[in-house]
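What follows is the residue order along each chain.
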Amino acid sequence: MKKSKGEKVKSVVLRYSSYIKRCVLVGSLSLLHLFTFSPLHAQELQAKININHSQIQGTDVSVFENLKQTLEQFVNERQWTDLQFQKNERITCNFNITVTKYVKEENRFECNALIQANRPVYNSSYTTTLYNNKDDNFHFEFAQFDQLNYNDETIDNQLTALFAYYAYLIIGLDLDSFSPLGGTDILQKCVYLVNNAQDLGFPGWKLFEDSRNRFAIINDYMDESMRPFRQLQYDYYRKGLDEMANNAERGRTEISNALESGLKTAHENKPLSLLPQIWTDYKKDELKNIYKGKGTQKEKERIYDMLMSINASQSNAWDEIKK
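Residues numbered from 1 in each chain as written. Predicted model: local features only at pLDDT ≥ 70, side-chain atom pairs only at ≥ 80, totals over all residues. Heavy atoms only, no water.

So, about the overall build of the protein chain. For the protein chain, the count of helices and strands is 11 helices and five strands. When each of the 323 residues of the protein chain is scored for burial, the buried share is 51%. A sequence separation of at least 24 residues applies to 69% of the contacts in the protein chain between residues at least 6 apart. (Helix = DSSP H or I, 4+ residues; strand = E, 2+ residues; numbered from the N terminus. Buried < 20%, exposed > 50% of the residue type's maximum accessible area, 1.4 Å probe, protein only. Contact = heavy atoms within 4.5 Å.)

In this structure, strand β1 (residues 45–52) lies alongside strand β2 (residues 91–103), joined through eight bridges in parallel fashion. In the strand pairing of β2, L45 is matched with I91. Examined bridge by bridge, β2 and strand β3 (residues 108–120) share 10 bridges and lie antiparallel to one another. Pairing of K101 across the sheet is with E110, part of β3. Hairpin connection from β2 to β3: four residues lie between these consecutive antiparallel strands, with N107 at a positive phi of about 55°. (Pairing = 2+ DSSP bridges.)

Of the volumes computed, that of the second largest pocket is approximately 190 Å³. Together, 13 residues line the second largest pocket, and L207, D210, S211, A216 and D220 are the ones closest to its centre. In terms of residue class, the lining of the second largest pocket is built from five nonpolar, four polar and four charged. (1 Å grid on protein atoms, 1.4 Å probe; cavity = no way out; pocket = protein on both sides within 12 Å on 5 of 7 lines; lining within 4 Å. Points joined across faces, edges and corners; volume = space filled by probe spheres on them. Nonpolar A, V, L, I, M, F, W, Y, C, P; charged D, E, K, R; others polar.)

Moving on, we get to helix α10 (residues 297–310). For α10, built from 14 residues, the straight-helix expectation of 20 Å at 1.5 Å per residue is met to within 8% by its first-to-last C-alpha distance of 20 Å. For α10, the secondary structure elements touched by its buried residues are α8 (248–269), α9 (275–291) and α11 (315–321). (Expected span 1.5 Å × (residues − 1).)

When the terminal C-alpha atoms of α8 are compared, their 30 Å separation across 22 residues agrees well with the 32 Å that a helix rising 1.5 Å per residue should span. Taken as a whole, α8 carries its principal kink of about 30° at L259. Where α8 is buried, its residues meet α7 (227–244), α9 and α10. Where α8 begins, the side chain of N247 points an oxygen toward the backbone nitrogen of E249, at a separation of 3.2 Å. (Bend = angle between axes of the 7 residues up to and from the residue. Polar contact = N/O pair within 3.5 Å; in protein donor to acceptor, adjacent residues only side chain to side chain.)

One pass over the full model with this rule turns up two cavities of 30 Å³ or more. When its volume is computed, the largest cavity comes out at roughly 110 Å³. Taken together, Y131, L169, L173, I217, Y221, F229, Q233, L275, I278, W279 and Y282 make up the lining of the largest cavity. Elements represented by at least two residues in the lining of the largest cavity include exactly α4 (158–178), α6 (214–222), α7 and α9. Grouping the amino acids of the lining of the largest cavity by side-chain chemistry returns 10 nonpolar, one polar and no charged.

Moving on to the environment of N123. Within the secondary structure layout, N123 lies in the loop between β3 and β4 (127–135). You can call N123 partly exposed: its relative accessible area is 41%. When the C-alpha atoms of N123 and E243 are compared, they prove to be 8.8 Å apart, with 120 residues separating the residues in sequence. Those residues within four positions of N123 in sequence are excluded, and the remaining contacts are A245 and N246.

What follows concerns the environment of Q46. Mapped onto the secondary structure, Q46 falls in strand β1. Accessibility expressed as a relative area gives 36% for Q46, which makes it partly exposed. Expressed as a C-alpha distance, the spacing of Q46 and E72, which sit 26 residues apart in the sequence, is 8.6 Å.

Okay, here's the thing in structure tokens:
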């Protein structure tokens, strides 16, 4: 069901509360008053772009420096949605791009990229990872001093399509974590982009090409059978982590419920989806710390068994849960 503008604003107010409680002394001014009357800025992301070109020899490094500057300007100065974000409420994210091949004559870059996005936790200085995944086919063309422009209706540039995809994915995940299925409208933009990027001539966009490529990530996330995984985002972050500063026991109980009703159910509904495994890969240390030395032995063993069934490769972390 499509969310109204009011519901969108409500979800943004919720995400503002976690930042403002930590970063702004509000005094007697209410959050709603602050949201309504403070100057608003449209940009949603605060991205840092790192270009590792150490594998490329004999090339003027200015092309890589210009690429970094151009990308940060493109991502951070663009308004990606019609939602209003204050400057200090922007979603922090990192794109660590490693150039493995550069063909100067063709302006062609072959890269892999590690994309990470973070989310603040209510009433604490702790920041949790919202997304962390590697894209092994982060290939594109870029000539020094190119100007980057993006239009949802015309997907004709690989580089802008890559960053638009991750912008929509990150914003959608963030909104999902503050309101149940709150990022639907933005995530639909991501789906639309993938469907219209099929003819770009670069890997990562096609069905069945790779079980964890860009198509697979958004297709699985928006699959109706994976709805419990989307609900997990809200239950785990908003009802679980955000509650822990006030009541650690209640927060952990909410997290346990979220893992069993969301993560476990999604894995059972679609066993071939890699989303639960990817999620537990970057949540392993956080989950270990949530349960290690805390909770009942029965609860910890239940969570241990579930996590092992989803991602046995992280058994060292799961072993710590039982201690």
